[in-house]
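Report on the structure
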Amino acid sequence: MARRSRLIAVLTAGLLALTACTNEVPGSASGVEIGPLTTKEATAAALSGFAESAAVRYQGDLVAADGAKLTADVTATSGGEVFGTITVDGLGATIVVLDKTLFLKGAPEFWSAMAARFGVTSGDGTALGNRWVKLPTVLLGVEFADIFTPDVVARTAGKAVRDADEELTTKTTAVGSVPALEVPVTGGTVYLAKDAPHGLVSLSIDEIGTAANTKARDMKVTVTDVSANVNQIYTDLANQAKNELGTAVDALTSITQGGNHFDACGAASCTIAVDVTNPSKKAVRVHLKADWTGDNTSLGSCEQISDPLAPGGSLAMNCALTSPQWVSFYQRANSVPGTHPYGAVWTALALADPPDAASLAALAGAAPADPKKKRESEKGYAVYQIGNAGGVWKYGVAPARYWRDNAKEQLRACLGISQSVCTYSLVTTAENAVSAYGLVNQLVTAYVKDKGKCPAGQWVSCAR
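Below you will find a few notes about this structure. (Residues numbered from 1 in each chain as written. Predicted model: local features only at pLDDT ≥ 70, side-chain atom pairs only at ≥ 80, totals over all residues. Heavy atoms only, no water.)

Considering the sheet that holds strand β23 (residues 423–430)
Rules: Two strands form a pair only when DSSP identifies at least two bridges running between them. A helix here means a DSSP run of H or I that spans at least four residues, while a strand means a run of E at least two residues long, and both kinds are numbered starting from the N terminus. Every axis in this analysis is a line fitted to C-alpha atoms, fitted for helices over the stretch in contact. Angles between the N-to-C directions lie between 0 and 180 degrees. Whether two residues are in contact is decided by their heavy atoms: any pair within 4.5 Å suffices.
One open sheet holds the three strands; their spatial order is β22-β21-β23, and the pairing between them is antiparallel. A strand with exactly one partner marks an edge of an open sheet, and here the two such strands are β22 (391–399) and β23. Between one strand axis and the next, the sheet turns through 25° on average, direction left out of account. Summarising the sheet, strand β21 (residues 381–388) and β23 pair through seven bridges and their orientation is antiparallel. From the neighbouring strand, glutamine 385 faces β23, where its bridge partner is serine 425. Here helix α10 (residues 433–451) sits on the sheet in contact with β21, β22 and β23, set at roughly 170° to β22.

Examining the state of the cysteines
Here is the rule: Our working definition of a disulfide is a cysteine sulfur pair at a distance within 2.5 Å. Per-residue accessibility, obtained with a 1.4 Å probe over protein chains only, is compared with the maximum for each type, and a residue is labelled buried under 20%, exposed over 50%, and partly exposed between these values.
The full count for this structure, using the stated rule, is four disulfides. Covalently, cysteine 265 is tied to cysteine 270 through a disulfide, its sulfur atoms 1.8 Å apart. In this structure the cystine formed by cysteine 265 and cysteine 270 twists about its S-S bond by roughly 45°; its chirality is therefore right-handed. Classification of cysteine 265 by relative accessible area gives partly exposed; the value is 27%. The exposure class of cysteine 270 is buried, given its relative accessible area of 0%. Each disulfide pairs two cysteine sulfurs, and for cysteine 302 the partner residue is cysteine 319, the sulfurs being separated by 2.0 Å. The S-S bond linking cysteine 302 to cysteine 319 shows a torsion near 135°; that makes this disulfide right-handed. With cysteine 302 in strand β18 (residues 297–305) and cysteine 319 in strand β19 (residues 314–321), the pair connects residues that are 17 residues apart, well separated along the chain.

Side note on the environment of leucine 102
Its place among the elements puts leucine 102 in strand β7 (residues 101–106). The class for leucine 102 is buried, based on a relative accessible area of 1%. For the pair leucine 102 and valine 133, spaced 31 residues apart in the sequence, the C-alpha separation amounts to 8.2 Å. Excluding residues that lie within four positions of it along the chain, leucine 102 makes contacts with Ile95, Val96, Val97, Val133, Lys134, Leu135, Thr137, Leu140 and Phe144.

Structural notes on the packing of helix α1 (residues 39–51) against helix α5 (residues 150–157)
The criterion, for reference: An angle counts as roughly parallel when it lies under 35 degrees, as roughly antiparallel when it exceeds 145, as roughly perpendicular when it falls between 65 and 115, and as oblique in every other case. Note that Gly is not counted as nonpolar here; it falls among the polar residues with everything else outside the nonpolar set of Ala, Val, Leu, Ile, Met, Phe, Trp, Tyr, Cys and Pro and the charged set of Asp, Glu, Lys and Arg.
In contact at an axis separation of 7 Å, α1 and α5 are set at 155° when each is read in the N-to-C sense. In this view, α1 runs roughly antiparallel relative to α5, as classed from their interaxial angle. Each of Leu47, Phe50 and Ala51 in α1 lies in contact with α5, whose residues at this interface are Pro150, Asp151, Val153, Ala154 and Ala157. A class-by-class count of the residues in the contact of α1 with α5 yields seven nonpolar, no polar and one charged.

Written out as structure tokens, the structure reads:
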């Protein structure tokens, strides 16, 4: 196969201050051949770029540490937040992972089937059904933050191993509608887009994770960069943490229920009173919820959340039903002859500590870094650019102390693809990742507006 090459002349000029001397340098100019991009170089650049993603969507299958088969459609951020949907042995649930804390939400059928597997007492699943539940990741057999964070995935994939120093492989396969190049790596197999800049579109990982009881194996997923949505992602997570996860159930902390009775049942309302005790070794909030029926018809529900109940402490909780259905039932019971039974089914559950919504909101509102205020620091996140004679080839983000290493990993790809000498430089340093990615999104958007296309080497933050 013919090899394309180009010679670049390198000239060195010397200036001598002495008179009666010549500045002629003997010899001829040397040239440097730019060979074709190798599989090793393309793979290293693709994984280095992937590791820089602000957020990635994964869709596919994996096997949990205990052998359970999982299907996942989740998005993971560079900060370790994960959210989306999973199925466990065919049963679906919604998940959110914040600060490595797992929250699950599934139908009653999910919790009924999972009770024995998780060791969570949920009976027929009604008590936990359709509620957010905090659950230790070890019970699910998957540590999502260890498995899906982009830089962890890139490191686990490793390096190209077969014919790595040969010209980029031409063995193609279809990943959805994208023609892809199949490359064996030390951790499994990666699939790079056939077209430059050969970004990562799918991967198969033999084993991933750190702890033996939360490692996953046989992970086969497609990957889609969604870094352009990073601010909205954190906005949604902050709202979810504040409005939904604040009343998540702590599945491993039990509440003891004691005496109970109806109280003050009249035309406007009816109250159920339940005595509860906290037998655990930590203070917890208790959530009492009752579902009411009258004449075998639903009358609605009521709920109450207590203040933190001390270990060993007891409390009388009251839950008052004030629904229009109760008012109608009471009027009917007092005007229509006969018996009119009513009742309530209730649960008293311990609530988990709420996640830190404020820190998520702060990231959601983080302004893009200002490129006019060039700032160099070993702390925070660096925004850098790789360029050549044709201008900017790509923008990237990396932890400030490592950005040069990340840029160097991609220089050879820039050289091989553009057939032009490439260099890197710092744009600025941001205090947090979201500000850094915000700037990259701005820079890429401006480039596309000006040139009508993405920078040639841009895979992250630029839809193709």
